[in-house]
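Chain residues, written in single-letter form:
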Amino acid sequence: MIFLKMEDGAAITLSVVAIIVTIGLGILFFFLIKRNIRKDKEANDVIIDGALPKKTMTSAIKTYIKKIDKFGALSLIYIDIDGFGELNEVFGKEACDELLKEVAGRILRNLPSKSSFCHYNADEFLIFIKDEDNKARIEKLENLLIDVISNPYQVMSDESISITASVGSVSYPIAGQTYEELMSNVELTTYVSKRNGGNMYTNYYASIKAEETENFTHFKEVKQAIKNGEFDLYYQPIFDLKNRVVYGCECLMRWILPDGSLRNPAEFLKILEQSGDIKWVGTWGLEKMIKVHDKILEENPAFNLKFSLNLSTKQLIDSNLANDFIDIIKKTNSKPENYMLEITDFRTLEKISGIRTNIHKLRDFGFVLAVDGFVINGQSVDDVRKSPVDVIKLGRDFVMDISNNFNKEKNLEILVKYAIDNDKIVISEGIETPKVASYVKSNKVFYGQGYLFSKPISEDDFVKFIEERKYNHVFNDIANFEDENKGISLKKESNIIEINEEKPEISNDKK
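Note that the coordinates shown come from a computational prediction; the quantities given were computed from them, not determined experimentally.

1. Focus on the packing of aromatic side chains
Next up, step 1: In the structure shown here, the tally under the stated rule is 25 aromatic pairs.
Next up, step 2: Judged by centre distance (5.5 Å) and plane angle (45°), the ring pair of Phe453 and Phe475 falls under tilted. Linking Phe453 in the loop between strand E16 (447–448) and helix H18 (459–467) with Phe475 in helix H19 (residues 472–484), this pair joins segments that are 22 residues apart in sequence. You'll find Phe453 and Phe475 in the same group, each marked buried.
Next up, step 3: Among the aromatic residues, ring-to-ring pairing joins Phe231, Trp255, Phe268, Trp280 and Trp284 into one connected group.
Next up, step 4: The cationic tip of Arg263 hangs over the ring face of Trp255; the distance from NZ or CZ to the ring centre is 4.4 Å.

Take a look at the structure:
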């Protein structure tokens, strides 16, 4: 009897265990399903009434192509919101999700009856119109959508903004005979709109693939690199040559590939300009500079460094640039006088009202402004006196042929006197030898940068460079050269100095 009771107890115990295991497996299965659903929605998790799921839209297009074969028509319109990632950073995901819903609502209210609508990716929408390939009607619809999207939005109780969209369109079968071909080409047409500044549409045309495919490939690579965090800043030291200390550094954008190699800036900076991502470069670069500057200052309170960032024309023409930079300084509680903004061709750019407004607003707030790549002549010296600049960076042409600099030296003498009298700083780029460094100093230019001191280096290497004073031996070499050549003209028997330095660039491909 006792044995039978033990059997009964064991049976009950096993039953309880079986129930618990079943419940546990059920819960696990539920969470696995939920996780998979979440993964499917990862880039598309804003619920929009009237929008088809991406998979449903894909299936509908493929089914319709199969049904009509080559005897029917359809059109696809792709809409990509310009600069939406920046809006997320400023206003937050919740506010931007509501913004996407409003954008979608405006689109839906203006679509023809034969249309299907899909929230295709995070800030991208796809429209599928059956039995339609009329170019005039498509263009009319695209113009309408661009207009309704660009009307102001209320993102917060006290904040109203306007946005734009890049739009592209294709028609079957001219632009492709499969879903994959059509999608590839509609993304290509949208890229062309975005590259040309956004707030416009581009329709597929016969030669677009031959003209644009390579650029589009680079564009997608850059977009993926931004997403993967493959961009970083490198730092080239700028020196106070008279006091033998680091004055600051010029910050240069670098694309670091997964294998650790560096992509040539000339290969991607133009794409960033064309795609509009150069605006991202500016805000990202300033935030990164501030982070590194604050870290160095925290560990080395005695250092008083100026970090420099170059601004391209495309960045300066953006009406929000100055406000965006000022907001970053306020948000990070930083001092704008620690950051230098380098601008090329001040004289030309200041004639553009929007750029002039940005320049003066940035300087009035406290940023240090530098004219970059300065070419010395009588006109340029006169022009710089009229510009709101704090720093003049001499272009490398000044040190490329020190044997034939007589006229430049006369104008430089006037420039240096003006700088001293008005508390300005003159910096020489392209210093590669002790001889050039000594020549620069002899012309009373006491700030400089170049490969003699250091090439652009990573953040860790830059910190070590200044903390461990790895530049001391360079100043010893300059001093030795000067001792050995006392009383001898630096120009005597000198040939044109070969400049091998990779010219630094921050946010454009000019340098």
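2. Focus on the pairing of strand E11 (residues 306–311)
Two faces belong to every sheet, and in a regular strand the side chains alternate between them.
Next up, step 1: The element E11 is largely enclosed, with a buried count of six among its six residues.
Next up, step 2: Judged by which residues are buried, E11 turns out to be covered on both faces: Lys306, Ser308 and Asn310 on one side and Phe307, Leu309 and Leu311 on the other are all buried.
Next up, step 3: As judged from the three bridges shared by strand E9 (residues 245–256) and E11, these two strands associate in the parallel manner. Following the sheet pairing, Cys249 is matched in E11 by Phe307.

3. Quick word on the environment of Asn121
Next up, step 1: Here Asn121 shows up in strand E2 (residues 115–121).
Next up, step 2: Looking at Asn121, the relative accessible area reads 24%, which means it is partly exposed.

4. Considerations on the sheet that holds strand E7 (residues 200–203)
Next up, step 1: Spatial ordering of the open sheet is given by E2-E3-E1-E6-E7, a layout of five strands whose pairing is mixed. Edge positions in the open sheet fall to E2 and E7, since each of these has one partner strand only. Looking at each pair of strands side by side, their axes are set apart by 20° on average, direction ignored.
Next up, step 2: Bridging between strand E1 (residues 74–81) and strand E6 (residues 165–172) involves eight bridges; their strand directions are antiparallel. The partner of Tyr78 across the bridge, within E6, is Gly168.
Next up, step 3: Strand contacts of helix H4 (residues 93–108): E1, E2 and strand E3 (124–130), with the helix running at about 15° to E3, the strand carrying the most contacts.

5. Structural notes on the pairing of strand E15 (residues 425–428)
Next up, step 1: Going residue by residue along E15, you find Ile425 and Ile427 tucked away on one face and Val426 and Ser428 tucked away on the opposite face as well.
Next up, step 2: Pairing of strand E14 (residues 391–394) with E15, which is carried by four bridges, proceeds in the parallel orientation. Looking at the pairing, Lys393 lines up with Ile427 of E15.
Next up, step 3: One ladder, built from two bridges, connects E15 with E16; its direction is parallel. Bridge pairing in E16 links Ser428 to Gly448.
Next up, step 4: Assessed by its sense of winding, the connection that carries the chain from E15 through helix H17 (residues 434–442) to E16 is right-handed.

6. Considering the nonpolar core
One recurring pattern in soluble globular proteins is that nonpolar side chains are buried together.
Next up, step 1: Core analysis: the biggest nonpolar cluster contains 86 residues, and Phe307 and Leu394 have the highest contact counts within it.
Next up, step 2: It is helix H9 (residues 278–299) that provides the largest number of residues to this core, a total of nine residues.
Next up, step 3: The contacts of Leu394, once residues within four sequence positions are left out, are Phe374, Ile376, Leu412, Leu415, Val426, Ile427, Ser428, Glu429 and Val445.
Next up, step 4: Residues Ile79, Leu111, Ile138 and Tyr153 belong to the second largest nonpolar core, which totals 32 residues.

Parameters and conventions
Residues numbered from 1 in each chain as written. Predicted model: local features only at pLDDT ≥ 70, side-chain atom pairs only at ≥ 80, totals over all residues. Heavy atoms only, no water. Phe/Tyr/Trp six-rings, centres within 6.5 Å; stacked < 30°, edge-to-face > 60°. Helix = DSSP H or I, 4+ residues; strand = E, 2+ residues; numbered from the N terminus. Buried < 20%, exposed > 50% of the residue type's maximum accessible area, 1.4 Å probe, protein only. Lys NZ or Arg CZ within 6 Å of the ring centre and 35° of its normal. Pairing = 2+ DSSP bridges. Axes fitted to C-alpha atoms, helices over the stretch in contact; angles between N-to-C directions. Contact = heavy atoms within 4.5 Å. Right-handed = clockwise from strand over helix to strand, strands pointing away. Core = buried A, V, L, I, M, F, W, Y, C linked by side-chain atoms within 4.5 Å.

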